[in-house]
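Analysis of the macromolecular model
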Amino acid sequence: MIHDKDYIIRIVKQFSESLDKLLLQKYEGELPEQQRIFDTNMNDTFKMDFKTLSSKTTDEIVQLINEKDSSHHIPYFELLGHLFYSKYKDNPNPDLAKKAQVFYENYLQKSGIFSMPIVSRIGELKKV
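Below, the structure is looked at part by part. (Residues numbered from 1 in each chain as written. Predicted model: local features only at pLDDT ≥ 70, side-chain atom pairs only at ≥ 80, totals over all residues. Heavy atoms only, no water.)

1. Focus on the packing of aromatic side chains
Evaluated as defined, the whole model comprises six aromatic pairs. A centroid spacing of 5.7 Å and a plane angle of 65° characterise the contact between Phe15 and Phe38, whose relative ring orientation is edge-to-face. Of the two residues, Phe15 sits in helix α1 (residues 5-23) while Phe38 sits in helix α2 (residues 31-46), which places them 23 residues apart along the sequence. Residues Phe15 and Phe38 agree in their burial class; the two are buried. Grouping aromatic residues by their ring pairs yields a cluster made of Phe50, Phe77, Phe84 and Phe103. If you follow Lys87 out to its NZ or CZ, it ends over the ring of Phe38, 4.4 Å from the centre. The ring of Phe50 has Lys87 sitting right over it, with the charged end atom 5.3 Å from the ring centre. (Phe/Tyr/Trp six-rings, centres within 6.5 Å; stacked < 30°, edge-to-face > 60°. Helix = DSSP H or I, 4+ residues; strand = E, 2+ residues; numbered from the N terminus. Buried < 20%, exposed > 50% of the residue type's maximum accessible area, 1.4 Å probe, protein only. Lys NZ or Arg CZ within 6 Å of the ring centre and 35° of its normal.)

2. Digging into the nonpolar core
Most often, soluble globular proteins have nonpolar side chains that are buried together. Core analysis: the largest hydrophobic core is formed by 32 residues, its most contacted members being Phe46, Leu53, Leu80, Leu83 and Phe84. At the level of secondary structure, the elements contributing two or more residues to this core comprise α1, α2, α3 (50-55), α4 (58-66), α5 (73-90), α6 (94-111) and α7 (116-126). Not counting residues up to four positions away in its chain, the partners in contact with Phe46 are Phe15, Leu53, Tyr76, Leu79, Leu80 and Leu83. (Core = buried A, V, L, I, M, F, W, Y, C linked by side-chain atoms within 4.5 Å. Contact = heavy atoms within 4.5 Å.)

What follows is the structure in C-alpha cells.
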C-alpha cells in the first residue's frame, strides 16, 4: 500500500497540535465535538482507537513507530507523548503516565530539541 508521506506527517502533526491545545485549555468547542475529532484523529493516525493502543505495551508501540518511515519517528513520539499525557490528565493512571514519559523522552532524544514544557511534563510524570 502506497502512502503519501506528506499527508501522513500532516495528519500526525495536526493531531499533535490538537492535543497540545487541549492540554493548554485553548480548545473551544463542545465535548461531543471534541470526542468526535479525537476519535477521527486516532483512526486516521493509528488505525485503532485509544483503548486498543493503550492496551499495547510501550515496546509494542515503539515497534509500530519504528516500522514507519524514519523521518516520521520524531513527530510520532511527540504525538504519543501528548496523547498519553492528555489521557493521564483526564484519568490519573500510572500506566498512562509511564507511557507518556517514555514517549516524551524518545521525542527529546531523537529530535535533539530542548522543550521546557515537555521537560516539565516529564518531571511531573516521574513523581507518579
